[in-house]
Amino acid sequence: MSSSLIETVDINAPVAVSWALWSDVTRWPAFLSHVRLVEPIDEKRFAWQLSLPGADKNFVAELTEVVPEDRIAWRTIEGVHHAGVVTFHHLTDTTSRVTLQIEYDPQGFVEHLGALTNLDSALANYDLGEFQKLAEKTAAS
């Protein structure tokens, strides 16, 4: 059974700031609460370490599309099945919208429960809130 989620946040920071933060995969643990580490393997592939309730996960993902200040897409090539895209939308010169879309296959009871109860969506929404704080702080400095 595949699950998906889509979450959006409006940010008081230009697209360039949101893009700069999200396009550096090594910064993801700063705003993605379940991501412990992201290590680049080469220009397109990177190793993830996740810490989720009831399970730690390791996998390798590759970037499938990178359009500066527009979108970043990825999919796993080893480990769990997971794919996502983040899109960046210019609202005004000082505001942007970031949309996160993820497709995944829940494994085990805890992940199925998370998908069924929208806990995954709540976690993604929380993480986007953390990203919003970081982007707005960065834009203000």
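Values in this document were obtained by computation on a predicted structure and should not be read as measured data.

Our focus in this paragraph is the overall build of the protein chain. Within the protein chain, the regular secondary structure consists of three helices and seven strands. Each helix and strand of the protein chain, ordered N terminal to C terminal, gives the series β-α-β-β-β-β-β-β-α-α. Among the 141 residues that make up the protein chain, the fraction classed as buried is 40%. Across the protein chain, every contact between residues at least 6 apart in sequence was considered, and the portion connecting residues at least 24 apart equals 47%. Summed over all atoms, the accessible surface of the protein chain reaches about 7600 Å², with 52% contributed by carbon and sulfur.

Tallied over the entire structure, the rule returns eleven aromatic pairs. Where Trp19 meets Phe88, the ring centres are 5.3 Å apart and the plane angle is 75°; that geometry is what we call edge-to-face. Within this pair, whereas Trp19 is found in helix α1 (residues 15-22), its partner Phe88 is found in strand β6 (residues 82-92), the two being separated by 69 residues in sequence. Judged by relative accessible area, which is 12%, Trp19 ranks as buried.

Position of Leu37 among the secondary structure elements: in strand β2 (residues 35-40). A residue is classified by how much of its surface remains accessible, and Leu37, at 30% relative accessible area, is partly exposed. For the pair formed by Leu37 and Val25, sequence separation is twelve residues and the distance between their alpha carbons is 9.3 Å. Contacts of Leu37, omitting those with residues within four sequence positions, involve Pro29, Ala47, Trp48 and Gln49.

This part takes up the confidence of the model for the protein chain. Residues of the protein chain with pLDDT of at least 70 account for 84%, and the chain-wide mean is 84. Within the protein chain, the element-level pLDDT minimum falls on helix α2 (residues 108-116), averaging 43, and the maximum on α1, averaging 94. Here residues 108-117 is modelled with pLDDT under 50, and outside its nearest four sequence neighbours on either side it reaches 14 contacts, counting other chains as well.

The rules behind each value
- Residues numbered from 1 in each chain as written.
- Predicted model: local features only at pLDDT ≥ 70, side-chain atom pairs only at ≥ 80, totals over all residues.
- Heavy atoms only, no water.
- Helix = DSSP H or I, 4+ residues; strand = E, 2+ residues; numbered from the N terminus.
- Buried < 20%, exposed > 50% of the residue type's maximum accessible area, 1.4 Å probe, protein only.
- Contact = heavy atoms within 4.5 Å.
- Areas by Shrake-Rupley, 256 points an atom, 1.4 Å probe, with all protein chains shown as cover.
- Phe/Tyr/Trp six-rings, centres within 6.5 Å; stacked < 30°, edge-to-face > 60°.
- pLDDT = per-residue confidence, 0-100.

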